[in-house]
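# Survey of secondary and tertiary structure
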Amino acid sequence: MRLTKFTDLALRAVMRLAVSERDAYPTTREVAESMAVPQAHMAKVVTRLQHLGVIEARRGRGGGLALTELGRRSSVGWLARTLEGDDEVVACEGDPPCPLRTACRLRGALREAQEAFYRTLDPLTVADLVGSPTGPVLVALSAGRPAD
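Okay, so let's go over this structure. All values derive from a computational prediction rather than experimental measurement. (Residues numbered from 1 in each chain as written. Predicted model: local features only at pLDDT ≥ 70, side-chain atom pairs only at ≥ 80, totals over all residues. Heavy atoms only, no water.)

Here we come to the pattern of salt bridges. Summed over all chains, the structure comprises seven salt bridges. When the shortest N-O distance is used, the salt bridge between arginine 81 and aspartate 122 registers 2.7 Å. In this pair, arginine 81 is assigned in helix α5 (residues 76-84) and aspartate 122 in the loop between α6 (106-121) and α7 (126-129), connecting sequence segments 41 residues apart. Taking the shortest distance from any N to any O, the salt bridge between arginine 101 and glutamate 93 comes out at 3.4 Å. Arginine 101 sits in the partly exposed class, given a relative accessible area of 32%. (Salt bridge = Lys/Arg side-chain N within 4 Å of Asp/Glu carboxyl O. Helix = DSSP H or I, 4+ residues; strand = E, 2+ residues; numbered from the N terminus. Buried < 20%, exposed > 50% of the residue type's maximum accessible area, 1.4 Å probe, protein only.)

So this is what it looks like as structure tokens:
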């Protein structure tokens, strides 16, 4: 199972925001820079996470991004499922459709494996992801210092 780059960036963004000081609101640019990704990509991720209620964005002077309480206690499995969508691991109905699609056992097995992957992530929360040793590295990155 492989997550899309979009989901990867979203998970890294919420992890980065999870270690922010409660009264510090990093900007999208700052989060993108600390995660070494283009700001345009991070802006799309931030918009999606806002729509999910995982982060909030404050405009104007002193504004920035903050992880919501929902974001802090969100299941990593829920986030991954939601961001990845309902796409199957294989494209049986693609163009052209697979000739085995009506009698294939692989499709069901892969769907079951995909669900097992998400179930493994379900007990983990965003807060769990930023425990040691990850949290201190994220704090160093957010301060603009190289990680040890």
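After presenting the structure, the write-up continues.
In this structure, strand β1 (residues 55-58) lies alongside strand β2 (residues 64-67), joined through four bridges in antiparallel fashion. Following the sheet pairing, alanine 57 is matched in β2 by leucine 65. Hairpin geometry of β1 and β2 is characterised by an intervening segment of five residues between the two adjacent antiparallel strands and by a positive phi of about 85° at glycine 60. (Pairing = 2+ DSSP bridges.)

With that settled, the discussion passes to the packing of helix α3 (residues 39-52) against α5. Two elements in contact, α3 and α5, have axes separated by 12 Å at closest approach and are oriented at 115°. One finds that α3 runs roughly perpendicular with respect to α5. The handedness of the crossing between α3 and α5 is right-handed. Of the residues in α5, those touching α3 at Arg48, Leu49 and Leu52 are Trp78, Leu79, Thr82 and Leu83. Classifying every residue of the contact of α3 with α5 gives five nonpolar, one polar and one charged. (Axes fitted to C-alpha atoms, helices over the stretch in contact; angles between N-to-C directions. Parallel < 35°, antiparallel > 145°, perpendicular 65-115°, else oblique. Left-handed = near helix turned anticlockwise from the far one by under 90°. Contact = heavy atoms within 4.5 Å. Nonpolar A, V, L, I, M, F, W, Y, C, P; charged D, E, K, R; others polar.)

With that settled, the discussion passes to the state of the cysteines. What is meant by a disulfide is a covalent connection between two cysteines, made through their sulfur atoms. All chains considered together, the criterion is met by zero disulfides. Cysteine 98 provides the cysteine sulfur closest to cysteine 92, a residue in no disulfide bond, and the two sulfurs are 5.9 Å apart. (Disulfide = S-S within 2.5 Å.)

Further remarks concern the packing of helix α1 (residues 5-18) against α5. For the pair α1 and α5, interaxial distance at closest approach is 9 Å and the crossing angle is 140°. The orientation of α1 with respect to α5, classified from their angle, is oblique. Both α1 and α5 take part in a crossing whose hand is right-handed. Residues Phe6, Thr7, Ala10, Leu11 and Val14 of α1 pack against Val76, Leu79, Ala80, Leu83 and Glu84 of α5. Per-class residue counts for the contact of α1 with α5 are eight nonpolar, one polar and one charged.

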